[in-house]
Amino acid sequence: AQTVTQSQPEMSVQEAETVTLSCTYDTSESDYYLFWYKQPPSRQMILVIRQEAYKQQNATENRFSVNFQKAAKSFSLKISDSQLGDAAMYFCAYTGATNKLIFGTGTLLAVQP
Amino acid sequence: DTGVSQDPRHKITKRGQNVTFRCDPISEHNRLYWYRQTLGQGPEFLTYFQNEAQLEKSRLLSDRFSAERPKGSFSTLEIQRTEQGDSAMYLCASSLVRAAKDRGSYGYTFGSGTRLTVV
């Protein structure tokens with residue numbers, strides 16, 4: 001069975017600085033997608049960035065980028081120029097042949113002004 | 001399209017009562033998923049539908065839980081004889097899957113969830 005592990009329950013970053021959130025996963029599949037979702041307090045889950053496993057190039061979306069290491073099964077999220085609005089719970093997620101999302105336990109990101 | 005809608009946003013019920021939640025997915029999405037999220041945890045998969053067919057149910061979904069998606073549009077999740085351990089956020093998501101190999105490439109859209117409190 002596939003698993004997703006986020007080893008950082010909480011992280012903190014100064015406004016305008018850069019922070020990296022870690023995620024590792026375990027799977028025997030070769031064709032899958034990885035995601036980072038953001039969940040602000042009492043608000044819905046929002047897709048931040050998506051990575052296709054067969055693409056070697058790391059995905060980027062504005063201030064958000066990933067470091068995808070397929071052999072190491074690692075998928076970290078880098079947030080550059082952090083803003084107060086980035087404060088939220090961040091979830092790493094995996095989907096494979098079943099087309100259902102498997103989530104990690106999340107990392108709570110605080111942004112200090 | 002206004003996205004995925006869930007109703008109600010909050011539900012407080014007494015232990016032993018039945019509750020029903022509704023999810024309206026994005027109209028062109030053929031897949032609909034239910035997840036449960038407890039405080040401080042990631043969402044856990046409960047069940048999903050492809051159109052009106054329920055394709056998979058998690059072992060988390062006891063006999064007290066039932067989900068339907070009549071006509072392949074909205075879905076309902078019913079919990080019978082609620083217990084305090086059922087207190088959680090129930091999330092609905094939808095996606096478009098055109099082929100088995102899509103692997104979620106078109107993304108998943110989540111609703112705002114229904115927060116259930118069993119007292």
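Residues numbered from 1 in each chain as written. Chains lettered and ligands numbered in written order. Predicted model: local features only at pLDDT ≥ 70, side-chain atom pairs only at ≥ 80, totals over all residues. Heavy atoms only, no water.

> Would you explain the overall build of chain B in this entry?
Within chain B, the regular secondary structure consists of 0 helices and 11 strands. When the helices and strands of chain B are listed from N to C terminus, the series reads β-β-β-β-β-β-β-β-β-β-β. Against the globule reference of 14 Å for 119 residues, chain B gives a C-alpha radius of gyration of 14 Å, in line with a compact fold. The burial tally for chain B puts 51% of its 119 residues in the buried class. Taking as baseline every contact in chain B between residues at least 6 positions apart, the subset at least 24 positions apart corresponds to 56%. Accessible surface for chain B amounts to roughly 6000 Å². Of this, 45% is attributable to carbon and sulfur atoms. On chain B, the mean spot of the 17 positive side-chain charges and the mean spot of the 13 negative ones are 3 Å from each other. (Helix = DSSP H or I, 4+ residues; strand = E, 2+ residues; numbered from the N terminus. Rg over C-alpha atoms; globule rule 2.2 N^0.38 Å. Buried < 20%, exposed > 50% of the residue type's maximum accessible area, 1.4 Å probe, protein only. Contact = heavy atoms within 4.5 Å. Areas by Shrake-Rupley, 256 points an atom, 1.4 Å probe, with all protein chains shown as cover. Lys, Arg positive; Asp, Glu negative; His and termini not counted. Charge placed at Lys NZ, Arg CZ, Asp CG, Glu CD.)

> I'm lost on the sheet that holds strand S3 (residues 19-24) of chain B in this one. Help?
Adjacent strands of a sheet form backbone hydrogen bonds with each other and so pair up, either parallel or antiparallel. Residues and elements named next belong to chain B. Within the open sheet, the 4 strands sit side by side as S1-S3-S8-S7. Their pairing is antiparallel. The outermost strands of the open sheet, each flanked by one partner alone, are strand S1 (5-7) and strand S7 (65-68). The mean angle between the axes of side-by-side strands here comes to 15°, regardless of whether they run parallel or antiparallel. (Pairing = 2+ DSSP bridges. Axes fitted to C-alpha atoms, helices over the stretch in contact; angles between N-to-C directions.)

> In this structure, what is going on with the interface of chain B and chain A? I would like to understand it.
The figure often quoted for interface size is the accessible area lost as the parts come together. Facing the 26 residues of chain B at the interface are 20 residues of chain A. Our count for the contact surface shared by chain B and chain A stands at 1 salt bridge. Put simply, glutamate 56 of chain B and lysine 100 of chain A hold a salt bridge, and the shortest N to O gap is 2.3 Å. At the boundary of chain B and chain A, one finds 6 residue pairs in polar contact (both at pLDDT 80 or more). Those elements that place two or more of their residues in the side of chain B that touches chain A are strand S4 (31-37), strand S5 (44-50) and strand S10 (108-110) of chain B. With 4 residues, the single largest contributor to the side of chain B that touches chain A is S4 of chain B. (Salt bridge = Lys/Arg side-chain N within 4 Å of Asp/Glu carboxyl O. Polar contact = N/O pair within 3.5 Å; in protein donor to acceptor, adjacent residues only side chain to side chain.)

> What am I meant to see in the state of the cysteines here?
Here, disulfide denotes a covalent bond that connects the sulfur atoms of two cysteines. All names here are of chain A. In total, this model carries 2 disulfides over all chains according to the counting rule given. The disulfide bridge from cysteine 23 ends at cysteine 92, spanning 2.0 Å between sulfur atoms. On the sign convention where negative means left-handed, the S-S torsion of about -70° between cysteine 23 and cysteine 92 marks this disulfide as left-handed. Within this pair, whereas cysteine 23 is found in the loop between strand S3 (19-21) and strand S4 (24-26), its partner cysteine 92 is found in strand S10 (residues 88-95), the two being separated by 69 residues in sequence. The burial state of cysteine 23 is the same as that of cysteine 92; both residues are buried. (Disulfide = S-S within 2.5 Å.)

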